[in-house]
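If you want the building blocks of each chain, they are given just below.
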Amino acid sequence: MEKTLIIKNTTLVTMNAQREVLTGASLAVAGDRIAAISTGEDLRVRFPDAEIFDGRGKVVLPGLINAHTHIAMSLQKGITLAVPEGLYRVMWPVERALTPEDITVGALIGGAEALLGGTTCVVDHYFHMEGVTQALITLGLRGVMGHTIMSRLGPFTGEQELEEGIDYVRRWKGRHPLVTPWLAPHATDTVSQDWLLRLREVATAEGVGLHLHVAQSHRELTTIQQHFGTGCVTYLHNIGFLGPDVLAAHCIYIDDAEMELFAASGAHPIYCPMGHALHGKPQRAWELLQRGAGVLIGTDCVTSNNEMALVSELRMAGAGQKQLTGDPQALPAAKILEMVTVDAAAAIGMGDRLGALVPGYLADLVMLEMSGLHAAPTYSLLDNIIYACSGRDVDTVMVNGRIVVQDKRLMTADATELAKLAQERGRALIRRAVEKESDLAWLWK
Ligand SMILES: [Zn+2]
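Residues numbered from 1 in each chain as written. Predicted model: local features only at pLDDT ≥ 70, side-chain atom pairs only at ≥ 80, totals over all residues.

Student: Just to check I follow, could you spell out the sheet that holds strand E14 (residues 296–297) for this structure?
Tutor: Strand pairing in a sheet takes place through backbone hydrogen bonds and is either antiparallel or parallel in direction. Pairing is parallel across the open sheet formed by four strands, whose spatial order is E11-E12-E13-E14. Only two strands of the sheet have a single partner each, and these edge strands are strand E11 (210–214) and E14. The pairing of strand E13 (residues 268–271) with E14 spans two bridges and is parallel. Bridge pairing links tyrosine 271 to isoleucine 297 in E14. (Pairing = 2+ DSSP bridges. Helix = DSSP H or I, 4+ residues; strand = E, 2+ residues; numbered from the N terminus.)

Student: For this particular structure, what's the right way to read the packing of helix H3 (residues 100–116) against helix H4 (residues 129–139)?
Tutor: Packed helices, taken two at a time, are described by their axes: the angle between them and the distance between them. Viewed as axis vectors pointing N to C, H3 and H4 meet at an angle of 35°, and their least axial separation amounts to 8 Å. Helix-helix and strand crossings are classified by hand; for H3 and H4 the assignment is right-handed. When H3 is examined against H4, the residues Pro100, Ile103, Thr104, Ala107, Leu108, Gly111, Ala112 and Leu115 are found in contact with a partner set consisting of Gly131, Val132, Gln134, Ala135, Leu136, Thr138 and Leu139. Split by residue class, the contact of H3 with H4 holds 10 nonpolar, five polar and no charged. (Axes fitted to C-alpha atoms, helices over the stretch in contact; angles between N-to-C directions. Left-handed = near helix turned anticlockwise from the far one by under 90°. Contact = placed C-beta atoms within 7 Å. Nonpolar A, V, L, I, M, F, W, Y, C, P; charged D, E, K, R; others polar.)

Student: Explain helix H9 (residues 256–265) here, please?
Tutor: Side chains of residues three or four places apart in an α-helix project in the same direction, reflecting 3.6 residues per turn. Within the sequence span of H9, burial applies to Glu258, Met259, Leu261, Phe262 and Ser265. Buried positions in H9, seen along its axis, are confined to an arc of 150° and lie on one side of it. For H9, exposure combined with an orientation more than 90 degrees from the buried face picks out Asp256 and Ala257. Among the structural elements, helix H8 (232–238), E13 and helix H11 (285–290) are those in contact with the buried residues of H9. Immediately beyond the C-terminal end of H9, within one or two residues, lies glycine 266, with a positive phi of roughly 85°. (Buried ≥ 20, exposed ≤ 12 C-beta atoms within 10 Å, placed from the backbone. Arc of directions from axis to C-beta.)

Student: How should I be thinking about the domain arrangement of the protein in this particular structure?
Tutor: How big an interface is tends to be expressed through the accessible area that disappears when the partners come together. We note that the domain assignment places domain 1 (4–62 + 362–410) and domain 2 (64–347) within the protein. Taken together, the contact between domain 1 and domain 2 spans 23 residues of the former and 26 residues of the latter. When residues of the side of domain 1 that touches domain 2 are traced back to their parent elements, those giving at least two are strand E5 (58–62), helix H16 (381–387), strand E16 (394–399) and strand E17 (402–406). Considering each element in turn, the side of domain 1 that touches domain 2 owes the most residues, five residues, to H16. Taken together, the residues that form the side of domain 1 that touches domain 2 break down as 15 nonpolar, three polar and five charged. (Domains from an automatic or database assignment.)

Student: Is there a simple way to think about the pairing of strand E1 (residues 4–13) in this case?
Tutor: Within a regular strand, side chains alternate between the sheet's two faces. Direction of pairing for E1 relative to strand E2 (residues 21–30): antiparallel, over a ladder of seven bridges. Bridging from a neighbouring strand, isoleucine 6 pairs with alanine 28 of E2. Here E1 pairs with strand E4 (residues 51–54) via four bridges, running parallel. From the neighbouring strand, leucine 5 faces E4, where its bridge partner is glutamate 51.

Student: What should I look at first to understand the pairing of strand E6 (residues 64–69) in this one?
Tutor: The buried fraction of E6 is high, at six of six residues. Where E6 lies against strand E7 (residues 119–126), four bridges are found, and the strand directions are parallel. Pairing of asparagine 66 across the sheet is with valine 122, part of E7.

Student: When you look at the environment of lysine 77 in this model, what are you seeing that I'm missing?
Tutor: Within the element layout of this structure, lysine 77 appears in the loop between E6 and helix H2 (86–95). We classify lysine 77 as buried; it has 21 C-beta atoms within 10 Å. Distance from lysine 77 to leucine 429, taken between C-alpha atoms, is 12 Å for residues 352 residues apart in sequence.

Student: Quick question: what am I supposed to make of the nonpolar core here?
Tutor: Soluble globular proteins tend to pack their nonpolar side chains together in the buried interior. Counting 149 residues, the largest nonpolar core has Leu27, Val60, Leu115, Val132 and Val214 as the members making the most contacts within it. By residue number, the principal contributor to this core is H3, which donates nine residues. Of the domains in this structure, domain 1 (4–62 + 362–410) and domain 2 (64–347) are the two that each give at least three residues to this core. Dropping the residues within four chain positions of it, leucine 115 is found in contact with Leu139, Leu141, Val397, Val404, Val405 and Leu410. (Core = buried A, V, L, I, M, F, W, Y, C linked by C-beta atoms within 7 Å.)

Student: Is there a simple way to think about the packing of H3 against helix H17 (residues 415–436) in this case?
Tutor: Across the interface, H3 lies against H17 with an axial gap of 10 Å and an inter-helix angle of 135°. Classified by the angle their axes make, H3 and H17 are oblique. Of the two possible hands of crossing, H3 and H17 adopt the one that is left-handed. Residues Asp102, Val105, Leu108, Ile109 and Ala112 of H3 lie in contact with H17, whose contacting residues are Ala415, Leu418, Leu421, Ala422, Arg425 and Leu429. In terms of residue class, the contact of H3 with H17 is built from nine nonpolar, no polar and two charged. (Parallel < 35°, antiparallel > 145°, perpendicular 65-115°, else oblique.)

Student: Is there a simple way to think about unusual backbone geometry in this case?
Tutor: Backbone phi values are negative for most residues with the exception of glycine, while trans is the configuration of most peptide bonds. Following alanine 376, the chain continues into proline 377 via a peptide bond in cis, with omega recorded as -10°. Looking at the secondary structure, you find proline 377 in the loop between strand E15 (365–369) and H16. The backbone of asparagine 9 sits at a positive phi, close to 55°, despite the residue not being glycine. A positive phi is found at asparagine 400, a non-glycine position, where the angle reads about 55°. Mapped onto the secondary structure, asparagine 400 falls in the loop between E16 and E17.

Student: Explanation requested: the environment of valine 342 in the structure shown.
Tutor: Structurally, valine 342 can be placed in helix H15 (residues 342–347). Exposure remark for valine 342: the 20 C-beta atoms within 10 Å place this residue in the buried category. Taking the C-alpha atoms as reference points, valine 342 and alanine 17, separated by 325 residues in sequence, lie 9.5 Å from one another. Setting aside residues no more than four positions away along its own chain, valine 342 makes contact with Met15, Gly351, Gly355 and Ala356.

Student: How do you make sense of H4 when you look at a structure like this?
Tutor: Taken residue by residue, H4 has Met129, Gly131, Val132, Thr133, Ala135, Leu136 and Leu139 as its buried positions. Phi for glycine 140, located one or two positions after H4, is positive at around 80°.

Structure representation (structure tokens):
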């Protein structure tokens with residue numbers, strides 16, 4: 001018989017079509033699905049054998065979807081912080097010293113940090129994705145995963161990377177309930193036009209999405225301008241690449257006309273608030289949204305952000321846009337929550353079963369501790385969630401009906417052991433990188 005459980009006496013931020021917030025409510029989970037929601041006492045009668053969780057003092061949200069990250073980059077935490085052109089000068093040279101095992105361990109660490117910070121689904125791409133995918137399954141995290149494909153500049157390039165990216169999709173399609181494989185060309189300046197066109201074709205034929213970086217650096221923009229005489233987004237539009245199945249991280253170096261191309265094509269710019277702030281150049285996310293673009297939110301990797309907790313990122317998302325626009329009403333809390341739940345679920349093709357607390361939907365949810373000083377008093381619940389809570393208030397996380405974080409403790413791996421591994425393997429990685437490239441000696445402190 002299917003295992004059932006009930007969370008009772010709680011507040012549900014449903015994100016359903018009416019965006020209802022239900023207080024004194026209960027939610028039942030059966031197997032991998034939300035079975036029922038009620039504000040009465042009937043669920044205990046309907047599910048007499050269910051395990052009961054008391055949700056008093058807590059708020060339940062749909063599981064949060066991180067629309068752009070690389071969970072495996074945990075061993076490289078913070079190394080590009082405050083480095084101009086850090087991607088080219090630090091990130092890729094260090095990545096050349098990575099082993100496949102480093103990447104698997106990194107994914108366990110990053111995935112664990114993501115879960116503990118309230119993420120239930122990551123949209124992710126990196127190298128050596130078999131290990132990353134196994135780590136994701138071990139942790140019980142959901143993922144839209146791709147093998148990073150680069151034809152030039154990066155640590156791993158060459159025809160075999162293109163073929164592996166396509167093979168990865170074919171190997172993982174329909175294979176595991178937590179894994180949705182996508183194609184992941186790295187960026188407009190690191191993947192040739194021929195490869196981008198081939199990947200666009202394969203994505204359409206296989207019915208999978210495309211996840212890449214677009215206009216993330218000034219160097220990327222000038223490279224595309226030199227070769228094609230346009231900006232990065234216009235270039236992708238001109239070759240017929242853009243569509244609603246495209247997630248485009250960053251979109252910082254874009255002009256007004258390119259903002260309109262997102263609205264017209266349905267492609268999704270991904271706003272990474274903390275990474276962009278640390279990089280010194282914000283994305284015009286609120287303006288993009290007002291022009292009709294389907295902007296989503298990601299943390300990006302810890303190399304450029306330093307943390308994976310999506311709940312913490314949301315505060316930066318709102319604050320960043322209010323500061324940028326000079327408008328305190330820009331990017332309200334309700335919209336921020338939509339971007340990491342219903343909007344993101346629709347963008348990854350799962351809008352009919354993920355992103356809201358609705359009976360029949362997959363049981364991905366996050367419980368925030370809201371009984372402490374940090375959240376009292378509550379005049380505006382959604383504002384308190386965004387501006388008074390952090391990743392450390394995540395109490396319980398469920399993915400696909402399985403409790404993976406309980407009482408702020410990771411249930412699927414030993415977080416203390418992972419932190420130890422991060423220190424050991426991280427230092428060994430940097431030592432190898434410095435041995436290979438003496439320019440990186442400053443990293444070794
Ligand atoms: Zn990225």
